[in-house]
Each structure stands twice: as C-alpha cells, then as structure tokens.
Amino acid sequence: MNAPQTIYLKDYTPPSHLVDTVELDIAIHRGFARVTARLAMRRNPASSASALRLDGEELHLEALRLDGRSLPESAYQLDETSLTLADTPDAFVLETVVRIEPDKNTQLSGLYRSKDGYFTQCEAQGFRRITFYPDRPDVMAKFRCTLHADKASFPILLSNGNPVAQGEESGDGNEGRHWATWEDPFAKPAYLFACVAAKLDVLEDYYTTTSGRRVRCAVYVEPGKLDQCDHAIAALKKSMKWDEDVFGLEMDLEHYMIVAVGDFNMGAMENKGLNIFNTKYVLARPDTATDTDYQNIDRVVAHEYFHNWTGNRVTCRDWFQLSLKEGLTVFRDQNFGMDVHSAGVTRIQEVRTLRAAQYPEDAGPMAHPIRPASYAEINNFYTATVYEKGAEVIRMIYTLIGKQAFRKGMDLYFARHDGQAVCCEDFVAAMQDASGLDLTQFQRWYNQAGTPRLVVKSEFDAAAKRYTLTVTQQYPATPYEERMASEGLPQERGPYHLPLVIGLLDAAGKELPLRLAGEAAVQGTQRVLTVREDTQTFVFEEITAEPVPSLLRGFSAPVILDYDYSEAALTHLMAHDTDAVNRWEAGQRLATGILMNGVRMLAAPRPTGWKEAPSDVEVGAATFLPTPWEPAWVPASYTSAIRSLLASAFTPGGDPALVAEALVLPSETYLAEQMEVVDPDAIHAARLALRQHLAQALRADFEAAYARLAIHGPYSPDGEQAGKRALRNVCLGYLAELGDEASNALVVSHYEQAANMTDTMAALGALANLDIAARHTALDSFYTRWKAEALVVDKWLQVQSTSRLPTTTADVRALMAHEAFDIRNPNKVYSLVRAFCAANPKHFHAADGSGYRLAADVILQLDSMNPQVASRIARTFDRWRKFDDTRQGKAREQLERIRVHDGLSSDVAEVVGKALG
Ligand code: TRP
Ligand code: ZN
C-alpha cells in the first residue's frame, strides 16, 4: 500500500515511436470536454521495441482509429495509466477521441477550470490528462490545435504559436459557440503544450527584435485588471532585449502571450509562445504590490521568457535532466536581475534563499544531486536543489572559464543542440569544448548530493613574507547515497572541482596585490583559486603583515565555508571588503556567533532572574533590557559596528539597499541549521532579544534614518527607491521591537500614512506581532479594503500566519474557516499554511505538537484534491529529526498518521516515506 514505484535514470531507453505532427481538437462543453487527437507517428529507428504504449490518465476513451479504421477492443490494452497497441505499422495516423472532466480537475494538472475559464498545465506529466500520448520530453512534434467553446462565456481561445483560423460554429446544438485554430511552427515536447478558453482582458504591446521581427506581446488577465499589467509587459520587453544583448538570442515567434490565472500550483510555465502565470507574478499596482513583488515579476517573466531557448529550443531528454533547463534558466534570470536591479543586493538575496531552502534540503531526507538518479514522483523534484543549486553549478562554470568562454559555450550548445532533447553532459561538453578546460571532475556536481564543507586554515610566516591558505574539502555521504547504496546503486564520491574567489585585506582595509608562489608577477587583487583536491595549499608571496582573508567572494561556490574568523576580522571585513556579498556575510557571521552564544545561554537551565553571562561568553553590551533574557552576550563592538553600518548608508557612495540587507539578522531557519539539536524557542528568543537590544541601543540612529529616508514624489519600484524604502522599513521594524507607546504610535502612523503596499505591509507585519488594539483595527480595515483583491488577501493571511503572538496556531485554524480562505486555491494554502510551517518555526515546531498536527490535517485534507500542493506542505517536515525527542515524537506521530492514510498520493507518499526513512 502507498509504495510509490521508483524510476531510475539508468533505465532510460529511447521512445519506441516518434510523433511528427499532432492535430488536437478540444471542444469544451458544459461539464465535460471532448478531445480528438490525430497523431502522425512512425517507428523510432533508434528503438527495437515494437509495442506502442501511450500515457493516459483519467481519460474516457470514446473512439480509437488507426489510419482511419476503428480498432476492435482486442487490438489494444487499456488500463488506469496507459493505452497499449501490441504492434503497429512503420508509419501511421492514430486517432483517439476521449472525454475529460476539467471542471472536476482539482489537481490543476492537465486541463482545468478556474474562475474565468479553462487553462492548462502540462509540465511535467499533465498532457496525459488531456489525451493519450507518449508523454515524455524526448518526443517532439509539431502541434496544431483547434478549440471550441461558448463564445459569450469564453471569448478568448488561445494555444501555442500563430492563430491560423477562427469562426462561429454552425449546426444544431452549436448556437453561440465559436472556434479558433492555432499552429506552432516549432516541434516541441507535450509538456510545452498549452491552451486557454476564457473571458479575459488583454494588454498588447510590440517588440522589434534586432533582426527586425515584430513580436506582438500580450498579457491576458481577469477582466478589470488591465491597470495591473504594465510592469509585466515592461519586464517582458526588457527580457527580450537582455537576451539579445547578453546571449545574442532572439524571440522566434510573432506572438508571445502571457496568461495570468489565480489557480496555479507553481510560479509560472514556459509553454511555447503561451506562458501561463500565477497571477502573483503578473499583477502589480503600487497600492497592491510590494517592491519585492515587482522584483519577483521581473524575475519570473524573465525566467519563463529565457526558457524559450534554454528549455524549449533545447529541451530535456528525460526528467532526470530537469536542471539542464531549470538551473541554466535560473542562472540567466539571476544575471538579468543583477543587471537590471542591483548586482550586490540580488546576489545577497540569492545566497540567503539558497542557504535557507537548499542547504536544509541537502542535509535532509530528500537530499538529491541536481541530477537525481531516481525518483518516485517527478513533481517532487522541482526543488531548491534542481533550481537554485543547479544555477550555482552553472555559475561555477561561468566563474571557472570566464564570461567570454561561457558565451562561446552557450553559442556552441545551441549550434549543436537546437531542436534536440539532451542531457546535462551535453551542456557541460559544450562548455568544456568552448573553453578548453577539462570539466570531467566538475561533473561530480551533477551526481553527488549534500553541501560540501570547505575548511580553510591560514598561516602567516612573517620572516618569509608568506601567507598560506590550506583548503580541505569534506563531503560526507547523505541519505541519498545511503538509499542508492541500499538499492544496489552505490554512488561514487570524491572531491569537487570548484572556484574559490578570494582577496586579502591589510590592516587599513586595502586590498593586497596577489602573487602566488611560482608566478612571475602580481596578478590583481582578486583571484579565482581552483580547488580540485581533498586538501590543497595556496601560497601568497611578498605579504608583509598578516592580512584578513576575504574568502568565497560573490559566494563563488555552494559550500559551507569553515574559517575561524575572529570577531575583529569580521568587523574589519564588514567595514572594508570591496565584495558586497562578503561585507554582508561578515555581518551575518558576526551576528550568528553572537546569537549562538545567546541560544546557549537561553537554553541552559538557570535560576530565574539570572542575569550574568557565563565566563566563556563575551560580555560588554552597553545597555540591558529589563527582560529575564538580558542579552549580556552582545558585545558592545557589535552594536557599534551596526551603528557604523547604518551610518554608511548616508555617506557618499553608500547604498541603502545593501545596508538594509546587512541589518537583517540571520533567519531562525538558518540558525537552526547551525545547531546539533535545534531549540526553536531559544533561537526565537535570542534573535528577538538581539533585535530589541539593537533597537534600544540605536534608537536615535534608527529614528534619524527613518526620518531621513522618507520618499517624496510618485512611487517607482526601481532599485534606488526600493532600496531606500527597504532600509526605512528595516529601521521601522527595529523600532517596533521597543513596544513602548512612542514606537507603537510610529508603527500605526506608518500604516495610516502608507502610500504604497510596501510601506503598508512593513507596518502591518510589525503590528501583527504586537498584542495591541491597533493590530486588530489595522487587520480589519485592511481586509475590508482589500477583500476583493485575491493577491492582497494572501498577504493578509500570511502576515497573520507568520506572527509571533502565542495565539498564532489557533488563529491559523480559525482563518482556515474564514471566507477569505479556500483550500482549493494554492496561493491561499501557501500563504496561510505553508508560510506557517516554513516561516514560523517557533509555532510550527511548538513542543506540544500543535503545529505539526495542523500541517498534517491540511496535508490529509489536500492529498486527494491536489497532491502537488499537499506534498509541498509535507516537505516542511523534512528536518524533524534535528529536534529534541519530544518534538521528534510529535512529528513522527503526524508523519505516521499521514503515511498510513488510505489511497495516499505518490507525491506525499514519497516525501513522508523518505522523511520516516
Ligand atoms: N517549468 C516551470 C518553471 O520553472 C515550473 C512549473 C510550472 C511546474 N508549473 C509547474 C513544474 C507544475 C511542475 C508542475 O518555470
Ligand atoms: Zn523554469
């Protein structure tokens, strides 16, 4: 029972048959749709298999014809997931007619109903829920699609490619119906098919490519929302320009359409010429969307657009190769973000999400390499590892071979593979051939799971003026390797090939010229050290005084860097490093050290009212809070470093956006990963105490900065204005921690005077943590004002589900019964439930198990409705074994309860099965 079947990369075989053309006819009726598919097929010369097996799920077969002749039931085999013909001619046309029920499709995979009409989602395996088909990415065909629907209810009929014909239906029973035919000139795998029949408004614009092709760009949204489309369409045109400028890649179609839908499992989907987006990544107006929303729209629009080349023109041979398109496309959208927004801020945010989401994944029961060797449910592998670590792996190639060689490698990749379905090795081979750098060892990044640890030691020899860095790699096996070994597929392990970008700072904060032993001359002040061995040394000559090393600049590799920095060295880097990521990272390390001291003190049993630090903890805070958790563990030097940091935003060349990032303390999730056994209460208390301490000690500084950063004039989401807002709102956040009358009044006035959603949410977020009357007034007025705007209601739910207040778990339960919540809508579930589980560790990991029970209740309720969403919630249990015995017991109880559930989906079964191990 509930044992999902495992699929292995090593079992790959080429498809038995190829499809040259697909003619689809989709007639949408009240309560059902009829899909007729005409597949022009032939045997694949590369395969010896004779039977033809088509995938199909939840399809009711009405007719089956081969070359025009109806097939008797004896000629085929039909089961729950497939239609098999034992033998076929060499080339033939197979025609199927099936009936499907899109109105009952709550999984949101295949063709489904949403508020304004019908939409599709075919990646990874949704096309088989529309018609019988060899639903695998290495079968590429040219599609022609005709849609039929009621014209008044569904005036817009769209599919991939170009519109070729349309008209009114005639004949009995067809009154008021219309049809439209679309043809896609590019062969594509079925996962890139899309169609839409809906009532939507459209915003149109045009983009002319370098070679003079005029592309119609169109954004389709719910009627009445045209005033929220400007940013998305501008982002699309920016992306088109960027891909031409940076990679020489042009749009290849005359129509590029983006359709926004409120019910969508993920962010967006790159269907050829007809992207379908979660409304969250399209709709924005200054009063409804935050600066972060605007940035995310830029990135997601760019991501899906970039897929047109990295994913669509060159696609994946099989789903194990998912990172071929996702890692590369994330790398591309990151660089787009760095170019159009701010390079430093964008990279810092990337590092933060990588460490918050991907490192725990790599350390948990679902650990897998960016190209896994097996999976049970492919939908479970759209992960931070495949996407984010996948992008880091591409970035390492870029850093190792340099910008020009990387571009040459991309050109070569397209020259070789345009129109093909290929493997990760093909990409690496193009990079290797273009650069001449041997990337054989580098391929380990595709096969090994887990986050490697780089242990760096330094040694200074004053007499010889020599500075030596010794770099050791550690890469212990993960549950992935253990599982593979137990399945008879032991994975080889060895050291990684990676770029370690470094610089050395002298006592004045200046960058030292670098000459490695054996080199004739100095070569700049920043070096890309190539690490390949288990242990390696790098010797720098002519170093006259012991420098402070700035290691892993720009976060040059997805590793855990272990170097024994002194507090003084970190303060030095924080003030002087020329690398924005490392300046930020120094502050994070400093804060992490302090917070971990705090955690140890808070977790240790102690007499009540105990106020002194143990002797092994640095003492020296200038001010003390009158709480039982006095942060005597905060050194005064830290407080003054934070004061200088804040002041640096106002010096010439100062960047408020970077300062805002640096003022955000490491997250509770990040801190949890640093502990052997996680104590979520102590982490929460320590982090809060440090925030309160900084607020008290630097109150005047925060107040002055807050006043100085006020923005006058119209709203713009651009980096400069957003940066100022971010810093101002960080100051507000600290001040809100004071909890006195003056600070509460400031938060309330910020809320009341907010002229955009960024400021509104900053205030509401702070209020949500305060147990004062103004909290309820604000939440009520916010809901009353915005209840018709679904995406804004999502924010309202999330701000409550991530609140610190002790009533939060009960509040979340109550909100699940509120009219604002709908368990069938993924955005609602993500905002209320997933945010609670993933971003509210104190309450999710409550020692009484109430958070775990809430999550399990939702998972079980959702499982049969939408297994993809249920499974994403189930993933929040991943790290359950890192907690104390009591919590582990409570988590296990819920995981077991889910595991034994009757008819559990393969999605949730895989996640829970691996979690329980
Ligand atoms: N390919 C999409 C992207 O990265 C991901 C995606 C969208 C997806 N919808 C999905 C994956 C549904 C699985 C299921 O841009
Ligand atoms: Zn993608």
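Residues numbered from 1 in each chain as written. Chains lettered and ligands numbered in written order. Predicted model: local features only at pLDDT ≥ 70, side-chain atom pairs only at ≥ 80, totals over all residues. Heavy atoms only, no water.

## Points about the overall build of the protein chain
Scanning the protein chain from terminus to terminus reveals 28 helices and 32 strands. Buried positions account for 60% of the 917 residues belonging to the protein chain. Within the protein chain, counting contacts between residues at least 6 apart in sequence, those at least 24 apart form 71% of the total. Distance between charge centres in the protein chain, computed from 94 positive and 121 negative side chains, equals 1 Å. (Helix = DSSP H or I, 4+ residues; strand = E, 2+ residues; numbered from the N terminus. Buried < 20%, exposed > 50% of the residue type's maximum accessible area, 1.4 Å probe, protein only. Contact = heavy atoms within 4.5 Å. Lys, Arg positive; Asp, Glu negative; His and termini not counted. Charge placed at Lys NZ, Arg CZ, Asp CG, Glu CD.)

## A few points about the sheet that holds strand β11 (residues 117-121)
The four strands lie next to each other as β10-β11-β17-β13, forming an open sheet whose pairing is antiparallel. The open sheet has two edge strands, β10 (110-114) and β13 (156-159), and neither has a second partner. With strand direction ignored, the average angle separating the axes of adjacent strands in the sheet is 20°. Pairing between β11 and strand β17 (residues 195-198): two bridges, direction antiparallel. Each residue of the ladder has a partner; that of Gly117, found in β17, is Ala198. (Pairing = 2+ DSSP bridges. Axes fitted to C-alpha atoms, helices over the stretch in contact; angles between N-to-C directions.)

## Overview of the sheet that holds strand β30 (residues 535-540)
With mixed pairing, four strands are arranged side by side in an open sheet as β30-β27-β26-β32. A strand with exactly one partner marks an edge of an open sheet, and here the two such strands are β30 and β32 (560-562). For this sheet the average axis-to-axis angle between neighbouring strands, irrespective of direction, equals 20°. Across nine bridges, the pairing between strand β26 (residues 453-461) and strand β27 (residues 466-474) is antiparallel. By the bridge assignment, Val455 is partnered in β27 with Thr472.

## Remarks on the site of ligand 1
Among the 16 residues in the neighbourhood of ligand 1, the closest are listed as Glu123, Ala268, Glu270, Glu304 and Tyr387. Separating a nitrogen atom of ligand 1 from a side-chain N or O atom of Glu123 is a distance of 2.5 Å. The separation between an oxygen atom of ligand 1 and a polar side-chain atom of Glu304 is 2.7 Å. Contact with the protein chains hides 97% of the accessible area of ligand 1, taken as 370 Å² for the molecule alone. Elements represented by at least two residues in the shell around ligand 1 include exactly β21 (268-269), α2 (291-306) and α3 (322-340). (Near = heavy atom within 4 Å. Polar contact = N/O pair within 3.5 Å; in protein donor to acceptor, adjacent residues only side chain to side chain. Areas by Shrake-Rupley, 256 points an atom, 1.4 Å probe, with all protein chains shown as cover.)

## Side note on the packing of aromatic side chains
Applying the stated criterion to the full structure yields 33 aromatic pairs. Between the aromatic rings of Tyr398 and Phe406, the centroid separation amounts to 5.3 Å while the plane-to-plane angle is 80°, which identifies the pairing as edge-to-face. Residue class for Tyr398 comes out partly exposed when judged on its relative accessible area of 25%. Classification of Phe406 as buried rests on a relative accessible area of 1%. What links up through ring pairs into an aromatic cluster is the set Trp242, Phe247, Tyr256, Tyr305, Phe306, Phe331, Phe336, Tyr398 and Phe406. A cation sits over an aromatic face here: Lys10 above Tyr8, 4.8 Å from the ring centre. (Phe/Tyr/Trp six-rings, centres within 6.5 Å; stacked < 30°, edge-to-face > 60°. Lys NZ or Arg CZ within 6 Å of the ring centre and 35° of its normal.)

## Focus on the coordination of the zinc ion (ligand 2)
For the zinc ion (ligand 2), the full set of protein donor atoms is His303 (NE2), His307 (NE2), Glu326 (OE) and Glu326 (OE), at a range of 1.9 to 2.8 Å. The coordination sphere of the zinc ion (ligand 2) comprises six donor atoms, whose angles at the metal cover 45 to 159°; the geometry is irregular. Sequence positions of the donors to the zinc ion (ligand 2) reduce to the motif H-x3-H-x18-E. With His303 in helix α2 and Glu326 in helix α3, this residue pair connects regions lying 23 residues apart in the sequence. Look at His303 and you get buried, because its relative accessible area is 8%. On the basis of relative accessible area, Glu326 is assigned to the buried category, the value being 1%. (Donors = N, O, S within 2.8 Å, 3.2 Å for Na, K, Ca; no water. Tetrahedral: all angles 85-135°; square planar, octahedral: opposite > 155°, others 65-115°.)

## Digging into the UniProt feature "domain: Aminopeptidase N-like N-terminal" (unreviewed entry) in the protein chain
Mapped onto the present numbering, the UniProt feature "domain: Aminopeptidase N-like N-terminal" (unreviewed entry) falls at residues 36-192. End C-alpha atoms of residues 36-192 are separated by 18 Å, and the span's content is 0% helix alongside 50% strand. (UniProt positions renumbered as here; feature names shortened; annotations may be inferred.)

## Focus: the layout of surface pockets
The calculated volume of the largest pocket comes to roughly 1,600 Å³. In terms of lining residues, the largest pocket is bounded by 48 residues, among which Ile7, Arg53, Asp55, Gln125 and Arg128 are the most central. Looking at the lining of the largest pocket, the elements with two or more residues in it are β1 (7-8), β4 (52-55), α26 (867-874) and α28 (906-916). Looking at the lining of the largest pocket, its residues break down into 18 nonpolar, 15 polar and 15 charged. (1 Å grid on protein atoms, 1.4 Å probe; cavity = no way out; pocket = protein on both sides within 12 Å on 5 of 7 lines; lining within 4 Å. Points joined across faces, edges and corners; volume = space filled by probe spheres on them. Nonpolar A, V, L, I, M, F, W, Y, C, P; charged D, E, K, R; others polar.)

## Some remarks on the packing of helix α4 (residues 343-363) against helix α11 (residues 580-603)
Remark: α4 packs on α11, axes separated minimally by 9 Å, with the N-to-C direction vectors making an angle of 50°. Regarding the angle of α4 to α11, the classification is oblique. Considering only the axes of α4 and α11, their crossing is right-handed. Each of Gly344, Arg347, Ile348, Val351, Arg352 and Arg355 in α4 lies in contact with α11, whose residues at this interface are Ala580, Val581, Trp584 and Glu585. (Parallel < 35°, antiparallel > 145°, perpendicular 65-115°, else oblique. Left-handed = near helix turned anticlockwise from the far one by under 90°.)

## Some details on the state of the cysteines
Evaluation of the coordinates by the stated rule reveals zero disulfides. This cysteine, Cys122, is not joined by any disulfide, and Cys195 carries the nearest cysteine sulfur, 7.7 Å off. Cys316 forms no disulfide, and the closest cysteine sulfur to it belongs to Cys424, at a distance of 7.2 Å. Since its relative accessible area comes to 0%, Cys316 is described here as buried. (Disulfide = S-S within 2.5 Å.)

## Focus: the nonpolar core
Of all hydrophobic cores here, the largest spans 290 residues; its most connected members are Ile26, Phe427 and Phe540. At 12 residues, the largest contribution of residues to this core is made by α11. Excluding its chain neighbours within four sequence positions, the residues that come into contact with Ile26 are Arg34, Val35, Leu111, Ile130, Cys145, Thr146, Leu147, His148, Phe193 and Cys195. Among the nonpolar cores identified, the runner-up in size contains seven residues, and Tyr8, Ala373, Tyr480 and Leu489 belong to it. (Core = buried A, V, L, I, M, F, W, Y, C linked by side-chain atoms within 4.5 Å.)

## Here we look at unusual backbone geometry
Here the residue pair Glu123 and Ala124 is connected by a cis peptide bond, since its omega of -5° sits within 30 degrees of zero. Even without being a glycine, Leu552 presents a positive backbone phi close to 60°. Mapped onto the elements, Leu552 comes out in the loop between β31 (548-550) and β32. Look at Phe555: it is not a glycine, yet its phi comes out positive at around 50°.

## Topic: the environment of Asp411
Tracing the backbone through its elements, the reader meets Asp411 in helix α6 (residues 403-417). For Asp411, a relative accessible area of 36% puts it in the partly exposed group.

## Focus: the pairing of strand β19 (residues 214-221)
Across the eight residues that make up β19, a large majority, seven, are buried. Direction of pairing for strand β18 (residues 201-208) relative to β19: antiparallel, over a ladder of eight bridges. In the strand pairing of β19, Val202 is matched with Tyr220. In this structure, the hairpin formed by β18 and β19 is closed by a connection of five residues, where Gly212 is found at a positive phi of approximately 95°. Pairing geometry for β19 and strand β20 (residues 255-261), over five bridges, is parallel. Looking across to β20, one finds that Val219 is bridged to Ile258. In this fold, the crossover linking β19 to β20 by way of helix α1 (residues 230-247) has left-handed handedness. (Right-handed = clockwise from strand over helix to strand, strands pointing away.)

## Looking at the side chain of Thr288
With respect to the helices, strands and loops of the structure, Thr288 is situated in the loop between β22 (274-278) and α2. Of the residues examined, Thr288 reaches a relative accessible area of 6% and is grouped as buried.

## Here we look at the side chain of Glu304
By the element assignment, Glu304 lies in helix α2. No salt bridge forms around the buried Glu304; measuring N to O, its nearest opposite-charge neighbour Lys325 is 7.1 Å away. Polar side-chain contacts of Glu304 include one of 3.3 Å to the backbone nitrogen of Glu270. Not counting residues up to four positions away in its chain, the partners in contact with Glu304 are Tyr256, Ala268, Met269, Glu270, Asn275 and Phe277. (Salt bridge = Lys/Arg side-chain N within 4 Å of Asp/Glu carboxyl O.)

## Looking at the pattern of salt bridges
On inspection of all chains with the given rule, the structure shows 70 salt bridges. The partner of Glu183 in a salt bridge is Arg144, with the nearest N and O atoms 2.6 Å apart. Here Arg144 lies in strand β12 (residues 140-150) and Glu183 lies in strand β15 (residues 177-183), a separation of 39 residues in the sequence. We classify Glu183 as partly exposed; its relative accessible area is 33%. Overall, Arg144 belongs to the partly exposed group, its relative accessible area being 33%.

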